[in-house]
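Summary of structural features
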Amino acid sequence: MPAVQDTIDRVRKIDVDQYKYGFQTEIAMDKAPKGLSEDIIRFISAKKDEPSWMLEWRLEAYRRWVTLDEPKWARVHYPKIDFQDLYYYAAPKSTPGPTSLSDVDPELLRVYEKLGIPLKEQEILAGVQKTDASELEEPSDNVYKSGRVAVDAVFDSVSVVTTFKKELAQAGVIFCSISEAIREHPELVKKYLGSVVPTSDNFYATLNSAVFTDGSFVFVPKGVRCPMELSTYFRMNEKNTGQFERTLIIAEEGAYVSYLEGCTAPQRDENQLHAAVVELIALDDAEIKYSTVQNWYPGDAEGKGGIYNFVTKRGDCRGHRSKISWTQVETGSAITWKYPSCILRGDDSSGEFYSIAVSNGYQQVDSGTKMIHLGKNTSSRIISKGIAAGLSQNTYRGQVSAHRKATNARNFTNCDSLLIGDQCGAHTVPYMEAKNATAKFEHEATTSKISEDQKFYVMQRGIPEEEAIALIVNGFVKDVIQQLPMEFAVEAQKLIGISLEGSVG
Amino acid sequence: MLEIKNLHARIVDDGTEIIRGLNLTVKAGEVAAIMGPNGSGKSTLSYILAGREDYEVTEGDILYNGQSILEMDPAERATSGIFLAFQYPMEIPGVATMEFLKVAMNEQRKARGEEPLKIPEFLKRVKDAAASLNMDMAMLKRPLNVGFSGGEKKRAEILQMKLLEPNLCVLDETDSGLDIDALKIVSDGVNALRSPDRAIVIITHYQRLLQHIEPDTVHVLYRGQVIKSGDKSLALDLEANGYAGVIGQAA
């Protein structure tokens with residue numbers, strides 16, 4: 001069919017130019033020399049004014065890391081990473097912590113503006129509340145209408161501005177950079193850091209433990225419902241800086257928090273490594289909702305230069321009746337290696353994983369989740385939608401296990417894959433293990449192609465081909481989009497359309 | 001408005017020729033019925049008019065308002081005013097009917113250089129059109145055609161046709177799967193669209209629909225050609241005597 005060659009041509013055109021978030025900003029950086037050693041770790045720790053226990057923690061991780069090998073089991077292929085050829089610390093040069101937006105380097109604010117992400121910081125700072133839903137088109141049912149977002153912006157490695165701190169403080173919520181938390185709330189950090197993802201967990205998590213430079217810290221005390229959504233926009237900027245965020249979120253008994261993470265990155269010639277660790281801890285009756293929209297540079301037409309994203313995200317439903325929900329929309333990165341997981345330790349706790357993974361061009365995605373049922377009457381739900389286009393490979397890898405004492409564990413898994421074109425691949429690798437006879441696991445999986453009939457029908461109504469595909473795909477992922485807070489839902493739908501541009505012939 | 005000249009077309013995949021030298025002219029304001037036995041090429045003709053890629057035109061031309069449309073893709077044809085009401089409307093899971101209508105209407109407006117419709121104006125148009133077709137607004141919140149009954153699907157097609165205001169409407173077996181009440185509602189909807197600057201082509205196997213939508217001309221399609229044309233009495237004749245007589249004459 002002639003369409004095949006055409007598809008290849010179109011896919012070829014997905015170039016750096018088409019990556020609309022590909023640009024670099026010029027801000028003076030303060031950085032450590034290339035490479036990784038105990039000295040570099042001491043440098044990072046000193047730069048951040050860390051207490052000695054933190055340095056020791058990092059060094060211990062580093063010493064373990066040098067003994068580890070990179071994991072090879074994922075269905076992704078990439079050239080060997082030279083870990084000595086990366087910078088491990090870069091901070092924007094500025095006077096100590098700005099207290100308001102007007103103190104922030106205007107160049108930085110322009111970057112956010114250029115990104116077009118729904119930050120609306122000025123609005124928020126001016127107290128403008130986005131409660132007017134009529135502005136948005138057809139808000140779906142399950143969206144938050146609070147319209148208020150507190151932002152902890154990470155520019156490269158250091159949190160530059162944190163808004164809404166005062167109001168949060170009144171509610172007793174701590175929302176700050178992890179560096180600040182280490183200085184200001186050492187007892188909390190000491191108690192919880194590494195308690196979900198230990199320093200020995202895996203190659204990338206161990207590396208992160210040694211060199212993490214920043215990230216967010218959230219603490220919601222007992223009985224408090226966080227008054228607004230918390231949000232961090234990650235953005236990698238300095239060339240060749242591996243970015244190693246560390247996020248720690250704790251919801252005490254009966255607390256609730258919703259956290260949004262979204263990111264875009266400038267274009268790049270060399271691969272950027274990103275190895276974040278996110279730890280969530282929910283105590284009795286607590287609930288944490290963690291949403292991600294990821295749109296990092298996927299690489300050029302040959303698949304070169306994209307970001308390598310090796311992330312360890314894990315939530316611990318430590319308390320009874322606790323709940324952790326992960327929602328992710330993954331459209332960027334050359335390589336994605338990511339399995340947000342839940343440990344269902346407390347009785348009657350529940351975990352959820354809603355995922356949309358879109359791959360195009362030469363992108364490789366290996367993503368999924370783990371639901372580890374330890375407590376009694378625990379339940380989990382997995383809804384995964386993979387969309388593969390171009391020459392990409394899209395793998396769902398999931399593990400559901402019920403341990404011996406996990407009576408009445410329940411899981412429902414639904415994995416749907418959608419193929420666009422005939423040069424891409426979708427793979428589903430579910431692992432299930434029940435050591436308790438009362439466990440009930442359900443698994444559904446489908447793989448389909450966008451049918452010519454559907455496309456023709458939609459186009460016959462005057463909707464151009466790419467928009468038609470985007471519409472059908474957005475319908476396909478609807479169940480997951482509905483789980484996102486409204487600000488993200490609208491952005492995510494647009495992003496999915498953009499990601500699939502050039503995917504059809 | 002529509003001029004089909006010596007059209008030959010075949011299936012791309014296996015080369016089977018379906019349309020073999022078809023000629024047909026439909027003027028603005030005209031309602032033309034195309035009838036014919038199964039396998040005569042009726043549905044294929046509707047697909048070719050709408051620009052489906054599975055068929056390849058090997059000879060002849062299709063002129064719409066004097067211009068060839070053969071090089072236009074389905075979306076371009078649609079925005080130029082050609083609408084096909086499908087015999088089997090496709091299900092679009094996860095896309096609310098309302099949302100689909102809005103996207104389609106605004107894409108067409110965009111192509112014509114018009115501003116998108118404001119939400120209240122859009123809602124008003126949809127409400128009015130739905131009411132005239134006896135459709136419940138709650139149904140429009142459901143994903144397009146998903147779980148719709150045969151009659152609901154056909155009504156949804158006519159609803160789209162009303163809202164998109166095409167110049168050339170092609171209805172492919174719109175009467176199939178309709179009970180008598182639904183047939184009446186759908187026919188009324190089509191009749192309401194009759195206008196001096198709009199042409200309607202009704203593709204149907206039976207005369208039944210033509211009792212409700214009275215055609216100006218009737219054309220019999222057989223083996224990819226129009227073998228006989230006439231006025232509405234031809235349809236009655238076919239109903240009474242079957243296709244065999246007409247086919248016999250042509251042979």
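Residues numbered from 1 in each chain as written. Chains lettered and ligands numbered in written order. Predicted model: local features only at pLDDT ≥ 70, side-chain atom pairs only at ≥ 80, totals over all residues. Heavy atoms only, no water.

Re the overall build of chain B
Looking only at helices and strands, chain B has 9 helices and 10 strands in total. Relative to the 2.2 N^0.38 estimate, which gives 18 Å for 251 residues, the radius of gyration of chain B is 18 Å and therefore close to what a compact globule would have. Overall, the C-alpha framework of chain B stretches about 55 × 40 × 35 Å when taken along its three principal axes. Out of the 251 residues in chain B, the part that is buried amounts to 52%. Nonlocal contacts in chain B, meaning residues at least 24 apart in sequence, comprise 68% of its contacts between residues at least 6 apart. Only carbon and sulfur atoms are counted for the fraction: they give 48% of the accessible area of chain B, which is about 10,900 Å². (Helix = DSSP H or I, 4+ residues; strand = E, 2+ residues; numbered from the N terminus. Rg over C-alpha atoms; globule rule 2.2 N^0.38 Å. Buried < 20%, exposed > 50% of the residue type's maximum accessible area, 1.4 Å probe, protein only. Contact = heavy atoms within 4.5 Å. Areas by Shrake-Rupley, 256 points an atom, 1.4 Å probe, with all protein chains shown as cover.)

Here's the deal with the interface of chain B and chain A
The interface of chain B with chain A comprises 35 residues on the first partner and 21 residues on the second. Our count for the chain B to chain A interface comes out at 3 salt bridges. Here Asp453 of chain A and Arg52 of chain B are joined by a salt bridge, their closest N and O atoms 2.6 Å apart. Joining chain B to chain A, the criterion identifies 11 residue pairs in polar contact (both at pLDDT 80 or more). Those elements that provide at least two residues to the side of chain B that touches chain A are helix H1 (42-50), helix H2 (74-79), strand E6 (82-85), helix H3 (97-111) and helix H5 (150-164) of chain B. For the side of chain B that touches chain A, the leading source of residues is H3 of chain B, giving 9 residues. (Salt bridge = Lys/Arg side-chain N within 4 Å of Asp/Glu carboxyl O. Polar contact = N/O pair within 3.5 Å; in protein donor to acceptor, adjacent residues only side chain to side chain.)

Considering the sheet that holds strand E1 (residues 2-11) of chain B
Residue and element names in this part refer to chain B. With respect to topology, 4 strands assemble into an open sheet ordered E2-E1-E4-E5, the strand pairing being antiparallel. Edge positions in the open sheet fall to strand E2 (17-26) and strand E5 (67-68), since each of these has one partner strand only. Sheet topology places E1 next to strand E4 (residues 55-64); 8 bridges connect them, and they run antiparallel. Counterpart to Leu2 in the pairing with E4 is Tyr64. (Pairing = 2+ DSSP bridges.)

With respect to the pattern of salt bridges
The final tally for this structure, using the stated rule, is 33 salt bridges over all chains. Where Glu70 of chain A meets Lys80 of chain A, a salt bridge forms, and the shortest distance between an N and an O atom there is 3.6 Å. One end of the pair, Glu70 of chain A, is in the loop between helix H3 (52-65) and strand E2 (90-92); the other, Lys80 of chain A, is in the loop between H3 and E2, and 10 residues separate them in sequence. Between Glu157 of chain B and Arg461 of chain A there is a salt bridge, and its shortest N-O distance comes to 2.6 Å.

Focus on unusual backbone geometry
All names here are of chain A. Positive phi, close to 55 degrees, is recorded for Asn377, a residue that is not glycine. In this structure, Asn377 sits in the loop between strand E18 (364-373) and strand E19 (379-388). In this structure, Asn408 takes a positive phi of about 60 degrees despite not being glycine. Along the polypeptide, Asn408 turns up in the loop between strand E20 (393-402) and strand E21 (410-419). Taking relative accessible area as the criterion, Asn408 reaches 34% and is therefore assigned partly exposed.

With respect to the nonpolar core
A general tendency of soluble globular proteins is for nonpolar side chains to be buried together. Formed by 112 residues in total, the largest nonpolar core has its most connected members in Ile356, Ile387, Val473 and Ile496 of chain A together with Ile4 and Leu159 of chain B. Among all residues touching Ile356 of chain A, those that are not within four sequence positions of it are Gln328, Val329, Glu330, Lys385, Ile387, Val477, Val480, Ile481 and Ile496 of chain A. Residues Ile41, Ile81, Phe217 and Tyr339 of chain A belong to the second largest nonpolar core, which totals 50 residues. (Core = buried A, V, L, I, M, F, W, Y, C linked by side-chain atoms within 4.5 Å.)

Here's the deal with the UniProt feature "domain: ABC transporter" (unreviewed entry) in chain B
This chain's UniProt record puts "domain: ABC transporter" (unreviewed entry) on residues 2-248 of chain B. Measuring from the first to the last C-alpha atom of residues 2-248 of chain B gives 28 Å, for a span that is 38% helix and 26% strand. (UniProt positions renumbered as here; feature names shortened; annotations may be inferred.)

Side note on the pairing of strand E9 (residues 217-222) of chain B
All names here are of chain B. Burial within E9 is extensive, with 5 of its 6 residues counted as buried. Bridging between strand E3 (residues 31-35) and E9 involves 4 bridges; their strand directions are parallel. Within E9, the residue paired with Ala33 across the bridge is Val218. Pairing of E9 with strand E10 (residues 225-230), which is carried by 5 bridges, proceeds in the antiparallel orientation.

Thoughts on the packing of aromatic side chains
Describing an aromatic ring pair means giving the distance of the ring centres and the angle of the ring planes. All names here are of chain A. Counted by the stated rule, this structure contains 24 aromatic pairs over all chains. Judged by centre distance (6.4 Å) and plane angle (80 degrees), the rings of Trp57 and Phe212 are edge-to-face. Of this pair, Trp57 sits in helix H3 while Phe212 is found in the loop between helix H9 (203-211) and strand E6 (216-220), placing the two residues 155 residues apart along the sequence. The same class applies to Trp57 as to Phe212, namely buried. For the ring pair Tyr78 and Phe310, a centre distance of 5.4 Å and an interplane angle of 55 degrees mean the geometry is tilted. Here Tyr78, found in the loop between H3 and E2, pairs with Phe310, found in strand E13 (residues 307-317); they are 232 residues apart in sequence, far enough to count as distant. Among the aromatic side chains, those forming a connected cluster through ring pairs are Tyr62, Trp65, Trp73, Tyr78, Phe83, Phe203, Tyr204, Tyr308, Phe310, Trp337 and Tyr339. The lysine or arginine in question, Arg225, covers the ring of Tyr256, its NZ or CZ lying 4.0 Å from the ring centre. (Phe/Tyr/Trp six-rings, centres within 6.5 Å; stacked < 30°, edge-to-face > 60°. Lys NZ or Arg CZ within 6 Å of the ring centre and 35° of its normal.)

So, the environment of Arg58 of chain A
Residues and elements named next belong to chain A. By the secondary structure assignment, Arg58 is in helix H3. Taking the C-alpha atoms as reference points, Arg58 and Asp214, 156 residues apart in sequence, are found 13 Å from one another. Leave out the neighbours within four places in its chain, and Arg58 touches Ile41, Ile44, Ser45, Lys48, Glu50, Ser209, Ala210, Val211 and Phe212. At a separation of 3.1 Å, a polar atom in the side chain of Arg58 contacts the main-chain carbonyl oxygen of Ala210.

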